[in-house]
2 protein chains.
Amino acid sequence: MTVFQATASAPVNIACIKYWGKRDTKLNLPTNSSLSVTLDQDHLRSTTTSRADPSFERDRLWLNGKEEEIKEGSRLAICISEMKRLRREMEKNSNEPKLSEFPVHICSRNNFPTAAGLASSASGFAALVASLAALYALPASPSELSLIARQGSGSACRSLFGGFVAWEQGSLPDGSDSLAVEIAPREHWPDIHALICVVSDVKKGTSSTSGMQRTVETSPLLQHRIKHVVPERMRAISQAIIAKDFDTFARITMQDSNQFHAVALDTDPPIFYMNDVSRAIIALITEYNRVSVESGGNIKAAYTYDAGPNAVIYAPKENIKEIVELIVNYFPQAEPFKDPFGLFGNTGVTEGRVVDGFNSAVAKKFEIGAVKGLIHTRVGDGPRRLGEEEALLGSEGLPKSLA
Amino acid sequence: MTVFQATASAPVNIACIKYWGKRDTKLNLPTNSSLSVTLDQDHLRSTTTSRADPSFERDRLWLNGKEEEIKEGSRLAICISEMKRLRREMEKNSNEPKLSEFPVHICSRNNFPTAAGLASSASGFAALVASLAALYALPASPSELSLIARQGSGSACRSLFGGFVAWEQGSLPDGSDSLAVEIAPREHWPDIHALICVVSDVKKGTSSTSGMQRTVETSPLLQHRIKHVVPERMRAISQAIIAKDFDTFARITMQDSNQFHAVALDTDPPIFYMNDVSRAIIALITEYNRVSVESGGNIKAAYTYDAGPNAVIYAPKENIKEIVELIVNYFPQAEPFKDPFGLFGNTGVTEGRVVDGFNSAVAKKFEIGAVKGLIHTRVGDGPRRLGEEEALLGSEGLPKSLA
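Residues numbered from 1 in each chain as written. Chains lettered and ligands numbered in written order. Predicted model: local features only at pLDDT ≥ 70, side-chain atom pairs only at ≥ 80, totals over all residues. Heavy atoms only, no water.

Residues and elements named next belong to chain B. Running from N to C, helix α7 (residues 276–294) and helix α8 (residues 317–330) point in directions that differ by 135 degrees, and their axes come no closer than 11 Å. Considered as vectors, α7 and α8 are oriented oblique to each other. Crossing of α7 over α8 shows right-handed handedness. In this structure, α7 uses I281, L284, I285 and Y288 to contact α8, whose residues at the interface are N319, E322, I323, L326, I327 and Y330. When grouped by side-chain class, the residues that make up the contact of α7 with α8 number eight nonpolar, one polar and one charged. (Axes fitted to C-alpha atoms, helices over the stretch in contact; angles between N-to-C directions. Helix = DSSP H or I, 4+ residues; strand = E, 2+ residues; numbered from the N terminus. Parallel < 35°, antiparallel > 145°, perpendicular 65-115°, else oblique. Left-handed = near helix turned anticlockwise from the far one by under 90°. Contact = heavy atoms within 4.5 Å. Nonpolar A, V, L, I, M, F, W, Y, C, P; charged D, E, K, R; others polar.)

Our next topic: the interface of chain B and chain A. The interface of chain B with chain A comprises 30 residues on the first partner and 29 residues on the second. When chain B packs against chain A, close to 2,500 Å² is buried across both sides, 64% of that on carbon and sulfur atoms. Inspection of the region where chain B meets chain A yields zero salt bridges. Applying the counting rule to chain B against chain A returns nine residue pairs in polar contact (both at pLDDT 80 or more). Broken down by secondary-structure element, the contributors of at least two residues to the side of chain B that touches chain A are α5 (220–242), α6 (246–265) and α7 of chain B. Top element by residues in the side of chain B that touches chain A is α6(B). It accounts for seven residues. Taken together, the residues of the side of chain B that touches chain A break down into 14 nonpolar, eight polar and eight charged. (Buried area = accessible area lost by both parts, 1.4 Å probe. Salt bridge = Lys/Arg side-chain N within 4 Å of Asp/Glu carboxyl O. Polar contact = N/O pair within 3.5 Å; in protein donor to acceptor, adjacent residues only side chain to side chain.)

On to the domain arrangement of chain A. Residue and element names in this part refer to chain A. Domain boundaries assigned for chain A yield domain 1 (4–185 + 386–390) and domain 2 (192–378). Distance between the C-alpha centres of domain 1 and domain 2: 27 Å. Taken together, the 30 residues of domain 1 in the interface contact 43 residues of domain 2. Approximately 2,900 Å² of surface area, both sides summed, lies buried where domain 1 meets domain 2, with 71% of it carried by carbon and sulfur atoms. A per-residue breakdown of the area domain 1 buries against domain 2 is headed by I17, K18 and W20, which together make up 29% of the total. Counting every contact that joins domain 1 to domain 2 gives two salt bridges. A salt bridge links K18 to D306; the shortest N-O distance between them is 2.5 Å. The interface formed by domain 1 and domain 2 includes eleven residue pairs in polar contact (both at pLDDT 80 or more). For the side of domain 1 that touches domain 2, the secondary-structure elements that each account for two or more residues are β2 (13–17), β5 (34–38), β10 (164–167) and β11 (180–184). Partitioning the side of domain 1 that touches domain 2 into residue classes produces 17 nonpolar, nine polar and four charged. (Domains from an automatic or database assignment.)

Before going further, it helps to spend a moment on α7(B). Three or four residues apart is the spacing at which side chains of an α-helix point the same way, because the helix has 3.6 residues per turn. Residue and element names in this part refer to chain B. Taking 1.5 Å as the rise per residue, α7 with 19 residues should run 27 Å; its terminal C-alpha atoms sit 26 Å apart, in good agreement. Counting buried residues in α7 gives 14 out of 19 residues, a clear majority hidden from the surface. The backbone nitrogen of V277 lies 2.9 Å from a side-chain oxygen of the residue at the head of α7, namely N275. (Expected span 1.5 Å × (residues − 1). Buried < 20%, exposed > 50% of the residue type's maximum accessible area, 1.4 Å probe, protein only.)

Residue and element names in this part refer to chain B. Strand β5 (residues 34–38) sits mainly inside the fold: five of its five residues count as buried. Pairing of β5 with strand β10 (residues 164–167) involves four bridges; the strand directions are antiparallel. The residue bridging V37 from the neighbouring strand is F164, located in β10. (Pairing = 2+ DSSP bridges.)

Tallying each qualifying case throughout the model produces 25 aromatic pairs over all chains. Aromatic side chains B:W20 and B:Y273 sit 5.9 Å apart centroid to centroid with 80 degrees between the ring planes, which places their arrangement in the edge-to-face category. Of this pair, B:W20 sits in the loop between β2 (13–17) and β3 (22–24) while B:Y273 sits in the loop between α6 and α7, and the two are 253 residues apart along the sequence. One exposure class covers both B:W20 and B:Y273, and it is buried. Cluster of aromatic residues (ring-pair linked, three or more members): A:F164, A:W189, A:F246, A:F249 and A:Y314. The cationic tip of B:K364 hangs over the ring face of B:F366; the distance from NZ or CZ to the ring centre is 4.8 Å. A cation over an aromatic ring shows up here: B:K365 above the ring of B:Y330, its NZ or CZ 5.9 Å from the ring centre. (Phe/Tyr/Trp six-rings, centres within 6.5 Å; stacked < 30°, edge-to-face > 60°. Lys NZ or Arg CZ within 6 Å of the ring centre and 35° of its normal.)

Residue A:P269 is bonded to the preceding A:D268 through a cis peptide linkage, with omega at -10 degrees. For A:P269, the location among the structural elements is in the loop between α6 (246–265) and α7 (276–294). Its identity as a non-glycine residue notwithstanding, B:N28 has a phi of 55 degrees, on the positive side. Tracing the sequence through the fold places B:N28 in the loop between β3 and β4 (29–30).

Turning our attention to the relation of the copies chain B and chain A. The relation between the two chain copies is a rotation about an axis coupled with a shift along that axis. Of the transformation placing chain B onto chain A, the axial shift is 0.0 Å and the rotation is 180 degrees, giving an RMSD of 0.0 Å. The transformation relating the two chain copies, once decomposed into turn and shift, fits a two-fold axis. Of the C-alpha atoms belonging to chain B, the one lying closest to the rotation axis is found on B:A262, 2.1 Å away. Same-surface contact between copies: 97% of interface residues of chain B are shared with the interface of chain A. (Least-squares fit on C-alpha atoms with pLDDT ≥ 70 in both.)

All right, on to the packing of helix α2 (residues 121–135) of chain A against helix α3 (residues 142–152) of chain A then. Residue and element names in this part refer to chain A. At their nearest, the axes of α2 and α3 sit 9 Å apart, and the two run at 135 degrees to each other. Regarding the angle of α2 to α3, the classification is oblique. Handedness of the α2/α3 crossing: right-handed. Across the interface between the two elements, F125, V129 and A133 from α2 touch L145, I148, A149 and G152 from α3. Considered class by class, the residues forming the contact of α2 with α3 number six nonpolar, one polar and no charged.

The next thing to look at is helix α8 (residues 317–330) of chain A. Residue and element names in this part refer to chain A. End to end, α8 covers 21 Å across 14 residues, agreeing with the expected 20 Å (1.5 Å per residue, within 8%). α8 sits mainly inside the fold: ten of its 14 residues count as buried. Among the residues of α8, N319, I320, I323, V324, E325, L326, I327, V328, N329 and Y330 are the ones counted as buried. Against β12 (192–199), α7, β14 (311–316) and β15 (371–378) lie the buried residues of α8.

With that settled, the discussion passes to the pairing of strand β9 (residues 104–110) of chain A. Residue and element names in this part refer to chain A. Counting buried residues in β9 gives six out of seven residues, a clear majority hidden from the surface. Two strands pair when backbone bridges link them, and strand β6 (residues 45–52) and β9 are joined in this way by seven bridges, in the antiparallel orientation. Paired with T48 across the bridge in β9 is S108. With four bridges joining them, strand β7 (residues 60–63) and β9 adopt parallel strand pairing. Within β9, the position partnered with L63 by the bridge is S108.

Right under this line is the structure:
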C-alpha cells in the first residue's frame, strides 16, 4: 500500500523593514510592504510531516509533541483547506489519486525552544505549507505558496524563500497580489551573519496580532510611515542588497526597527516591546559603529527588534567575533557560547572585551541572565524537502514520539 | 544710598503638549506650539535676587551657591543684555536712574535638588527674567517677558504664567511672536494636582538641546507630528482646559507624551528617556484608568514624561490618595511620603494597595529605590515678587551664604 507522506523544513525570517498593521485582518493583508533576511535552517527551523490517508478519521495536528485542535475557521484550518483546494484543482485534469479527499495528519516541531522568544509562527506555517505542497506534489511556485502561508501568519509568507525576501503588500481586495518575492538568494550575499541575543523579560508583551491593529486604529504616525516612509525604504534597501552595500542595509534596518517601535509607542495605550536590556544593546551597537565610522571605517553591525525584547544583530561574518565579545562583556553568560562557525577555536569566549576607542560608559554591565543566550547563524535557504528518515510521523500515521 | 535690588521666584512647568525641535536654534524658536501646567511654587521653585550697582566691576551670577561664568554670547548673557535693553528704552523717556549702565549681581537658587532630575532651566530663567523685570521696574507683560526667557531656555517662557499656558510657536523670523499666553489661570481649575515620581536612572540620557535637533534632522515622523498632529491637539486640549474636561485633557496629555518619546525613538541614532520603571508606571496608570472607565467611570489620571525617566502624574485632587497608594504598592519607598495636603492624616501611607478590579500582573513589584521619591503638588501661580527678607544677596551685594 502506498503511503502518501512528505516532510519539509522551513526557516525563520527576521524583518529589516517591519510588517506592522493589517488592512484586512481575515486575509492578513498588510498596510505596508516588508523585507526580511531568511535565517539558516541548519540552526533554526520548523520541520513538518504531512500524511494523507483515507483511513484517517479527520484532519489532526501535533505541534511540538502536543495535539492542537484544528478549529473551524482558524488560520490553521484555512491553510489546510487552501492547500487541499490547490490539490483538487490539479486532480481535475489528471489521474492522480484523490488525496484532497483524504484527511491529513500533520506533525510539526521547532528545533528552538518557545522560551527563546523567537516567533515560530513564520517558520511553522511555512513548513506546513511546504510539506503539504510536497505531499500533494503541487507545481506551485514559492510565491504562490506564500499566498497561503500568509493567511496562516503574515510574516510566514517570507519564509517560503531563502536569502533576502520582500513581501509585496499588493492592492487587490482578495489578496492575490500580496505575496513574497525573492530580492536575492543567499548565494548572492552569504556573508550576512546574524547574532540573536535572547533577552529575558518578566512580562509578556502585547501580542503582535492585537497590538498591530491597535496601532492602525490609534497611531497618527503610522499613516505617515505607511504612505511616505516604507515605500522609499523598500526601494533603497532592495538596492543595497543587490549592491551588497552593508552600510545602507544596516542604516535602514536600524532606522526601521526604531520606527516600528516608535509607532508601537505612539499607540493608545502605548505598546512597549524593548526593555532596558534591549536599549543597552542598541547603545552598544551604536557605539561600536561610531568607533568604526569615526575612524573612517564602515558600519559594522545592525540591530533589529521584533515584537519582543530579543535583539537580532546582522553583520558581515568577519565582525561577529568582536560583537560576541562586546555582548559578553556587558552581558555575562551562564552557558558557554555555542560556536557553530568555530570563531573562537578551542578556548571559547574566555571573557568579553570592547574594541579600542569604545566608550564603555554607554551602558552598564548587567547580571548573568539578562541576556539568556546567544545564537549565531547566517542568511539561509528556503524550505527543504526532507527524506523519510526525518519524518515525524510513524508507520501508523501518528507522531513517532507517541508511537 | 539707594539699593537697587529685587527678588522674585518662578515656578516649574510640565508640558502636556511637548516642545521638541527648534526651527531656529539661536533664538529658541520651536517647530511646534506647546502647552503646560505651571506647578505650585509653594513646593518647587527657583528664587533669584538681582542687584544693580555702579560699584560692581562686572555682571556676576551665583547658582545654588556656586559662581557661574557669564560667557559672552551665552544664553545667560543674552537674557541679561535683553533685559538691560528694555530698561534702557524706558530710561530714554524718563528721569529714572540709569540702572541699565550698572553691572548686576544675580544670585539664584532652586529649592529642589538637581538629583531629582527636574529640569531647572525653565524655572531658573523665568526667575532671572522676573527678578530683573522687578529690579528695572519694567512695565512689560508676562508675554513680553516670555520672549526673553524663551531665549534663555525655550520652555522657560511658559513659566512666566501660572495655570495653563500655551507657547505659541509664532512664524516671524525674529521670534517676536513666539511667546507664552495664558489659556486659563490656576483659579479656573485649581483641582488639578500632580504627583512627581522621581525615577532612578543609571545613565544620563541625551541632553534635550542636542537630542531635539537630532530628531529634527533625522526623524521622518517628526514632520508629520509638527504639521498634522500638534495643531489639532493644541486646539483640543485648550478647549478641554476651558471646559475642565479632565478625560480629554488626560487622553491628549498621555498621547502626546508617548508621541514625543516615539519621535525620540525614531531619531538616528535613537534617543530613549524612559526606562523599565517609567514603562511600569505607564502600565499602572493605564490599568488604573481601565478599571475606572470599564466600570462606567472617568479617566482618573494622566502620565507625562519629559526628557528623562521621571513620571509626572496629573489627576484631580480626589484621586491622588489612590494613586500614591498604587505607586507605593509597586515601588516601596525608603522615606515616608511627604504629605503636603494631609491626605493620609497622622498615620501616613502605611502600605500600598490597588483599587478593586486592578490586574496586579500588569507590572512587577520593584526594589526600594527604583522610584526614589514622590512629590505631591498642584497647579500654581506665576512668578512672585518677594520681599527683602527673602533676598539671596547680602548687604555687600554678594550671596548671603558667602557673606
